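A closer look at the structure
Below are the chains, spelled out letter by letter.
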Amino acid sequence: MIKILYRPLGMLFGALGGVIAGAVFKRLWALLGHQDDAPGATDRNRTWKEVLTAAALQGAVFALVKAAIDRSGAVGAQRLTGHWPD
């Protein structure tokens, strides 16, 4: 039963996490001294170094936020129900 209830909430928090991760990445990119937006893979005016650095940083931020949200959700579900959502 906990899985049935946990899944929709997990999807909602996952979407929210994506928004949060995007904002964190944008802020972090600016803090690293970049005035403009992070480059896309096909941005011809950016170097390989910039593109790959941005991609690696973005991936790390998204993975960190996802893990934090997933873990928090599981801990919260356990506190409410006494069962860990597998």
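These lines cover the structure that appears in this document, whether it is placed above or below.

Summed over the entire model, instances satisfying the criterion amount to four salt bridges. In this structure, the salt-bridge partner of D43 is R46, at a minimum N-O distance of 3.8 Å. Residue classification places R46 among the buried positions, given a relative accessible area of 17%. Salt-bridge contacts for R46 lead to E50; the nearest nitrogen and oxygen are separated by 3.9 Å. In this structure, a network of salt bridges that share partners links the residues D36, D43, R46 and E50.

Turning our attention to the packing of aromatic side chains. One pass over the full model with this rule turns up one aromatic pair. Residues F25 and W29 carry aromatic rings whose centres are separated by 6.0 Å and whose planes lie at 35° to one another, so their mutual orientation is tilted. Here the residue F25 and the residue W29 both occupy positions in helix α1 (residues 2-31), the gap between them amounting to four residues, near one helical turn. For the pair formed by F25 and W29, the shared burial category is buried.

Take the environment of T47 next. For T47, the position within the fold is in the loop between α1 and α2 (48-81). Given the relative accessible area of 44%, T47 is considered partly exposed. Sequence separation between T47 and V65 is 18 residues; the distance between their C-alpha atoms is 27 Å.

Cut-off values and rules
- Residues numbered from 1 in each chain as written.
- Predicted model: local features only at pLDDT ≥ 70, side-chain atom pairs only at ≥ 80, totals over all residues.
- Heavy atoms only, no water.
- Salt bridge = Lys/Arg side-chain N within 4 Å of Asp/Glu carboxyl O.
- Buried < 20%, exposed > 50% of the residue type's maximum accessible area, 1.4 Å probe, protein only.
- Phe/Tyr/Trp six-rings, centres within 6.5 Å; stacked < 30°, edge-to-face > 60°.
- Helix = DSSP H or I, 4+ residues; strand = E, 2+ residues; numbered from the N terminus.

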